[in-house]
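# Observations on chain architecture
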Amino acid sequence: MEKMVRVMATGVFDILHPGHVMFLKAAKKYGDELVVVVARDITAERLKHRPIMREEDRRFMVDSLKPVDKAVLGYEDDMFRVVEELKPDIIVLGYDQKFQESAIEEECKKRGLSVKVVRLNKFGDGDIHGTRKIISKIVKRSDTLYAKNRHS
């Protein structure tokens, strides 16, 4: 019997958008099972930005997506702790994640894990393929509506 291949993907997943879904669908193609580690609020704030949605809400949303077999919250202190627990065969990184593939593989090796790290390419440049792009679009639309209503 062939070994089941476990794939891990990580992210903040603050406001779900098509880029997230494309990322997770592409990650799932690397194996049989996709586990997703959702960043804790404090981790997201330290690495990217302060999340709009709470960590448990973000985990719930990601867990509900079709390609995802399981979504868990990461740890605040040691990002490799969850890797040790879940023991993925492959870790898939998004094109914009600031981690170095070789550094992740090396740290996993030090911890007795044999993990291959793969970086995906960008999926397109739509105006709703990024959380910051969505927020910017909402703010612009809100400003336009506010100005329009002020002059009515």
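Anything mentioned here points back to the structure above.
If you're wondering where the values come from, they're calculated on a predicted model, not measured in any experiment. Residue numbers restart at each chain and count upward from 1, following the sequence in its written direction. Where totals are concerned, whole chains, interfaces and linings use all residues; where local detail is concerned, this predicted model gives features only for residues with pLDDT of at least 70, and gives and counts side-chain atom pairs only at 80 or more. Side-chain measures here rest on the full set of heavy atoms in the structure, leaving out hydrogens and waters.

## Digging into the overall build of the chain
Tallying secondary structure elements over the chain gives 6 helices and 5 strands in all. For helices the rule is a DSSP run of H or I covering at least 4 residues; for strands it is a run of E covering at least 2, with both sets numbered from the N terminus onward. Ordered by position from the N terminus, the helices and strands of the chain form the series β-α-β-α-α-β-α-β-α-β-α. Per-residue accessibility, obtained with a 1.4 Å probe over protein chains only, is compared with the maximum for each type, and a residue is labelled buried under 20%, exposed over 50%, and partly exposed between these values. Counting only residues that meet the buried cut, the chain has 39% of its 152 residues in that class. In this description, contact between two residues means that some pair of their heavy atoms is separated by no more than 4.5 Å. Here the contacts in the chain between residues at least 6 apart in sequence split such that 71% fall between residues at least 24 apart. Note that accessible areas follow from Shrake-Rupley with a 1.4 Å probe, and for residues the cover is restricted to the protein chains shown. Surface exposure of the chain reaches about 9,700 Å², of which carbon and sulfur atoms provide 53%.

## Here's the deal with helix 3 (residues 55-63)
Regarding helix 3, the residues found buried are E55, R58, R59 and V62. With its buried residues spanning 100° around the axis, helix 3 presents them on a single face. Picture the helix axis, draw a direction to every C-beta atom, and the arc is the one those directions span.

## Thoughts on helix 1 (residues 18-28)
If you check which residues of helix 1 are buried, you get G19, H20, F23, L24, A26 and A27. Down the axis of helix 1, the buried side of the element spans an arc of 160°, and every buried residue falls inside it.

## Topic: the nonpolar core
Definition of nonpolar core: a set of buried residues of the types Ala, Val, Leu, Ile, Met, Phe, Trp, Tyr and Cys, connected through side-chain atoms within 4.5 Å. Formed by 19 residues in total, the largest nonpolar core has its most connected members in L24, L34, V36, V62 and V68. Every element with two or more residues in this core is listed here: strand 1 (6-11), helix 1, strand 2 (33-38), strand 3 (70-73) and strand 4 (90-93). Ranked by size, the runner-up nonpolar core spans 15 residues in total, among them V72, V82, I91 and V115.

## Focus: the pattern of salt bridges
The salt bridge definition used is simple: a Lys or Arg side-chain nitrogen within 4 Å of an Asp or Glu carboxyl oxygen. Counted according to the given criterion, the structure contains 13 salt bridges. For R40, the salt bridge identified is with E55, shortest N-O distance 2.8 Å. A residue pair is termed long-range when its members are at least 10 positions apart, and R40 in the loop between strand 2 and helix 2 (41-47) and E55 in helix 3 qualify at 15 residues.

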